[in-house]
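# Close look at the chain arrangement
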Amino acid sequence: MVHLTSPAFKENAARALADPGLQKALARTKPQFHGKRAKAVAGLPEFEQLRNIGRDIKNHTLANLDHYLEVYAANVEKAGGVVHWCSTADEARAVVLEICRQAGAKTVTKGKSMISEELGINDHLEAHGITPVETDLGEYILQLRKEPPSHIIGPAFHLNREDWEQSFRESHTDLDPKRVFTERRDILTEARTKLRSRFLAADVGITGANFLIAETGSSVIVTNEGNGDLTQTLPKVHIALASIEKVVPTLEDATSLLRLLARSATGQDFSVYTTFSTGIRRQGDLDGPEQYHVVLIDNGRSNMIGTDFQEMLRCIRCAACMNHCPVYGATGGHAYGWVYPGPMGSVLTPTLVGVDKAGHLPNASTFCGRCESVCPVKIPLPKLMRHWREREFERHLTPGTIRTNLRLWAWFAKRPAAYRAVTRMGIGALGLLGRGKGAFKWLPFAEGWTRGRDLPAPEPGGTFMARYAKARRQGR
Amino acid sequence: MLQTRPRVALFVTCLVDLYRPTVGFAAIKLLEAAGCQVEVPEAQTCCGQPAYNSGDRTTARDLARNVIDTFLPYDYTVVPSGSCGGQISHHYPGLFDDSDPHYRGRAEALAAKTHELVSFLTDVMGMQEVAARYDGVVAYHDSCSGLRELGIREQPRKLLGSVQGLTLKELVDRDVCCGFGGTFCVKYPDISVRMVSDKAKDVVETGADTLLAGDMGCLLNMAGRLKREGAPVKVRHVAEVLADMTQDAAPIGEPK
Amino acid sequence: MSKDAILGAIRRGLKRGPLPADQAAMLNGRIASHPRHLIPARSRIPRAEQIALFIKNVEKEFGTVQRIPDLAGVPEAVTDYLAAQNLPARIVMAPHPELESIDWTARPLLARETRRAQEGDLVSLQHAWAGVAETGTLFFPSDPVRPATLNLLPETEIVLLRASAIVGAYEEAWDRLRAERKDPMTGGWMPRNLMLVTGPSRSADIEQTLELGAHGPRRLHILLVEDEAAPREMSRAEARAQATAQPGTPAAPGD
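Notes on the structure follow. In this text the structure is predicted, and so the values were computed from the model without any measurement. The residue numbers shown here count from 1 along each chain, following its written sequence. Following the order in which they are written, the chains are lettered starting with A and the ligands numbered starting with 1. At least 70 in pLDDT is required for a residue's local features to be given in this predicted model, at least 80 for side-chain atom pairs to be given and counted, and no such filter applies to totals for whole chains, interfaces and linings, which use all residues. As a convention, hydrogens and water are excluded, and side-chain values are obtained from all of the structure's heavy atoms.

## Observations regarding the overall build of chain B
- Regarding its fold elements, chain B presents 13 helices and 8 strands.
- Between the two quantities, the radius of gyration covers C-alpha atoms and the globule rule is 2.2 Å times the number of residues to the power 0.38. Scaling as 2.2 N^0.38, a compact globule of 256 residues should have a C-alpha radius of gyration of about 18 Å, and chain B matches this with 18 Å.
- Note on contacts: a residue pair qualifies if any of its non-hydrogen atoms lie within 4.5 Å across the two residues. Taking the intrachain contacts of chain B between residues at least 6 apart in sequence as the baseline, contacts between residues at least 24 apart amount to 76%.
- For chain B, the exposed surface amounts to about 8,800 Å²; the carbon and sulfur share of it is 49%. Counting from the N terminus, the helices are the DSSP runs of H or I reaching at least four residues and the strands are the DSSP runs of E reaching at least two. Method for areas: the Shrake-Rupley scheme with a 1.4 Å probe, in which residue coverage is limited to the protein chains shown.

See the structure below:
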């Protein structure tokens, strides 16, 4: 399970900023994200209209979520599948373990799934003697390195090629230690070979779901590698993990969202594999699982309905927000300290682990709004982060010094005459201090500012209001 | 242009008041040149953004009431900042829920007639050009609230294009934040400094000798970093150049 | 029970109880009528251009397309392609009647096995049910004559697609699926597995640099049968294939 380090966001961020390997990876990644999405969006003139449609589809679904979930579950059962409703992570873990035990599973292959990270499925299976094998290339190396993902669609974007080579040499000890990786392709080929045998041996395959379709009872996964399809096609049991907000009413609804998803995520017009799974192997079929289980997980989502944070349930996990976030771009994903990094994580994590633990996340934003401007379903992420700050303020979680300063400043700001007097004095003093300097290298109480930049001195001659009043008095 | 001279109230903003009074005078000069009758209401202090963004809605609401009461009588309120302008025109109405319909209505009325300076000059007053000269190569930074909340992008470039002697260069990643973010810059200084360092690098790479923007917060941040790096880039508010008042004050962070 | 707990929590959030019957009926009506949303203009073009757009998009996504006049051209196209890629003349083929109806005797050196894919298979010959011009996407509904493993295990996938099976947008393919297919288990039309495939498998997980052939095929080669003269209907072969999927009926040859 991803160990929660969100309370140490500041320390995490400082470490990330000082990590040359990470900074190299981030510098490589950032411009690619921007350029690819921008190109894909430019290629579809209706993209902006589709964003409104995507938002409306999700809003409609959420307003009727109970109904659509029931229709969905009934259709899964018609196709021979089983739906397991789970309120908590504990329940979901227990259900998954029980299915694996019933199947006599020794190894379980897994497609990339963020909800699986949220639930901590791997640790739970391992603790009970079942070996989970991550098959997404990025997740695979993270499993070898015992690291959590740093990004929701590119979990290992924080690694460099040399990290891959080193991990493969350390883990694939049956191979010639003197082998040479001349190209990235060689790394890929080694992983493909290693994982192919795991796919074939697995008793159970676990995937996530990008969408659930009420109309047909289908779970949908979107991948580029094909690992998700091998995971759900080869073993005799397929388990799809999905949180309750993944459901949409019809294929047409899913289609509109799919037009947004890949473009927003990787800048592709469409992902390589978009696969709809509906129930168990049919009579006469030559492949496909004999059992199909959907683990339908709430784990805190239903509490968001009817609150300010309901809009967050529209999220389709494309990662555009983090790809365009300058804070994420500076620190990478691990600094956020839990499963979901970037702006979507800054809103979602406090709802799932508590704002007392994840309070830094919604504060670590300049509210630049770039995330909202690229969100395919128009989630007002800065507004929702501000809502968290309001909850923190109400619950006195905001640090005492900030509260005191705010209170002091507000007292004056509400009293224009006093404000005028005190600012005139303050600026006068600062002006005297800074006379002839133009900028301060260091100032008491401004250490945060002056650590990495000078503080420009105020323009000499007093405040605008004082100068303006003087000029008026002099009849100018 | 409008037929009669509209009564325009200048909302000076804290940072212009305290740090850069010349911007206030430049704003008055530009507004008058555009045919406005400008007044500076005495009772103004702060738009309340620091409280609003710190989660203190009560204080934000109290300060908003003061601004609303002070500025509502005028035809327009003009602000030489995208972020303070956006606070009034985009966030004030949301501060008053259904329990205070009176102020909600007043907030909406004020929001509808509040504008950022440069976009007001072009979009409302129809200004096409300015009478100014600036001999220099200029990079213009779009502040996030101006760009994304208020849609200010082409307006400053259009007016800058009419300044004699001025060459405009574009930053790469011009829609990326400089890292100021109000209290963010002192709450998370490490991240903020990284962001502004990246921005400073982009500025230097344009080869521009001058950096302009429409928001004092971004300008202080970028000037502070450029100064720390010893980069020979002059930093000014866009209004100073448009009003041809660059003689009135040394660039931000430079000794007089 | 968790189901009741979850539904109850959702309803509490929505500040209502279970939906009244008339509202539930309205939502069910929305599902039954599955209204289309915006369909991008890019695919709403004349037929010939749709086919050209399909090809362009496949190639953009690193797939390859070869046009052939009719099914009789398949054996030559397959053997030539294998030779050009320096691959052995051996394929594993979907037990699809259309592929089985082809006269392969002119290419005796091409080894063919008709079955699902297994480890070690290098090249598959699969049958695509439709193509979507909008993004160059192939539709593979699973059934006894179209095993999904053929899309996944071999490094090279060759796909037979009739030009008449190309539609503009995904929504048109959904309507065709709804009209033409019947699922033996649910009585609906959705197959157990429906793969939408756009180009060969790939990954950018290593330094965000694109590499083809991650876990699925590294090459995706489409043989496009130019049958456009005839209006598209479900071919008789396909109708027969579907009939075999009904419970209680004997399996088609090759199963």
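Here the narrative resumes, following the displayed structure.
## Thoughts on the packing of aromatic side chains
- For this analysis, a ring pair means two rings from Phe, Tyr or Trp (six-membered ring only for Trp) whose centres lie within 6.5 Å, classed as stacked if their planes differ by under 30 degrees, edge-to-face if by over 60, and tilted for the remaining angles. Under the definition given, this model contains 19 aromatic pairs over all chains.
- Between Tyr140 of chain A and Phe168 of chain A, the aromatic rings sit 6.0 Å apart at their centres with planes inclined by 70 degrees, giving edge-to-face as the arrangement. With Tyr140 of chain A in helix 8 (residues 137–145) and Phe168 of chain A in helix 9 (residues 161–171), this pair connects stretches of sequence that are 28 residues apart. Pair check on accessibility: Tyr140 of chain A and Phe168 of chain A agree, each one buried.
- Seen in terms of ring centroids, Trp338 of chain A and Tyr340 of chain A are 5.9 Å apart; in terms of plane orientation they differ by 65 degrees. Their pairing is edge-to-face.
- Looking at Trp338 of chain A, the relative accessible area reads 10%, which means it is buried.
- These aromatic residues form a ring-pair network of at least three members: Phe9, Tyr328 and Tyr336 of chain A together with Phe184 and Tyr188 of chain B.
- The ring of Phe393 of chain A carries the charged tip of Arg403 of chain A above its face, separated from the ring centre by 4.0 Å.
- Above the plane of the ring of Tyr103 of chain B lies Arg106 of chain B, whose end atom (NZ or CZ) is 5.5 Å from the centre. Whether a residue is buried, partly exposed or exposed follows from its accessible area with a 1.4 Å probe, protein chains only, as a fraction of its type maximum: under 20%, in between, or over 50%, in that order. Over a ring means this: the NZ of a Lys or the CZ of an Arg is within 6 Å of the ring centre and within 35 degrees of the ring normal.

## Looking at the packing of helix 12 (residues 251–265) of chain A against helix 6 (residues 170–180) of chain C
- Axes, fitted as lines to C-alpha atoms, cover a helix only where it is in contact. Angles between the N-to-C directions of the axes lie from 0 to 180 degrees. The N-to-C vectors of helix 12 of chain A and helix 6 of chain C enclose an angle of 155 degrees; their axes lie 10 Å apart at closest approach. By the angle between their directions, the pair helix 12 of chain A and helix 6 of chain C is classed as roughly antiparallel. Both helix 12 of chain A and helix 6 of chain C take part in a crossing whose hand is right-handed. On helix 6 of chain C, the residues touching Leu251, Glu252, Thr255 and Arg259 of chain A of helix 12 of chain A are Tyr170, Glu171, Trp174, Asp175 and Arg178 of chain C. Each angle is binned into one of four classes, with values under 35 degrees roughly parallel, values over 145 roughly antiparallel, values of 65 to 115 roughly perpendicular, and all other values oblique. A clockwise turn of the near helix away from the far one marks a right-handed crossing, whereas an anticlockwise turn of less than a right angle marks a left-handed crossing.

## Here we look at the sheet that holds strand 4 (residues 114–116) of chain B
Residue and element names in this part refer to chain B.
- Ordered by their spatial adjacency, 4 strands build an open sheet running 2-1-3-4, and the pairing between neighbours is parallel. For this open sheet the edge positions go to strand 2 (37–39) and strand 4, each flanked by a neighbour on one side alone. Averaged over all neighbouring strand pairs, the angle between strand axes comes to 30 degrees, with direction disregarded.
- Note: strand 3 (residues 76–79) against strand 4, 3 bridges, orientation parallel. Pairing of Val78 across the sheet is with His115, part of strand 4.
- Each of strand 3 and strand 4 touches helix 5 (residues 82–95); the most contacted strand, strand 4, lies at about 160 degrees to it. When DSSP finds two or more bridges between two strands, those strands count as paired.

## Examining the interface of chain B and chain A
- With 69 residues of chain B in contact, the opposing surface of chain A contributes 62 residues.
- Take a side-chain nitrogen of Lys or Arg and a carboxyl oxygen of Asp or Glu: if they are within 4 Å of each other, that pair is a salt bridge. Where chain B meets chain A, there are 6 salt bridges.
- Note that Asp454 of chain A and Arg228 of chain B form a salt bridge whose closest N and O atoms lie 2.6 Å from each other.
- Here a polar contact means two N or O atoms within 3.5 Å. Within protein one must be a hydrogen donor candidate and the other an acceptor candidate, and residues neighboring in sequence count only if both atoms are side-chain atoms. For the pair chain B and chain A, the number of links is 29 residue pairs in polar contact (both at pLDDT 80 or more).
- Every element with two or more residues in the side of chain B that touches chain A is listed here: helix 1 (14–19), helix 2 (21–33), helix 3 (49–53), helix 4 (57–71), helix 8 (144–149), helix 10 (184–187), helix 11 (189–206) and helix 12 (216–229) of chain B.

## So, the interface of chain A and chain C
- Residue-level contacts link 102 residues of chain A with 92 residues of chain C.
- Two parts placed together each lose some accessible area; with a 1.4 Å probe, that loss summed over both constitutes the buried area. In total, about 8,100 Å² of surface goes out of reach between chain A and chain C, with carbon and sulfur atoms giving 56% of it.
- Among the residues of chain A in contact with chain C, Arg192, Glu252 and Leu286 of chain A are the three that bury the most area, contributing 10% of the side total.
- Inspection of the region where chain A meets chain C yields 15 salt bridges.
- In this structure, Arg11 of chain C engages Glu70 of chain A in a salt bridge whose closest nitrogen and oxygen atoms are separated by 3.3 Å.
- Joining chain A to chain C, the criterion identifies 43 residue pairs in polar contact (both at pLDDT 80 or more).
- In terms of residues, the side of chain A that touches chain C owes the most to one element, helix 10 (residues 184–201) of chain A, which gives 9 residues.

## Points about the pairing of strand 8 (residues 234–237) of chain B
All names here are of chain B.
- Sheet topology note: the strand 7 (residues 210–213)/strand 8 ladder contains 4 bridges and is parallel. By the bridge assignment, Ala213 is partnered in strand 8 with His237.
- Assignment of crossover handedness uses the view with strands pointing away from the viewer, where a clockwise path from the first strand over the helix to the second indicates a right-handed crossover. At this point the chain moves from strand 7, through helix 12, to the parallel strand 8, and the crossover so formed is right-handed.

So far we have only geometry, and geometry alone does not tell us how the molecule works.
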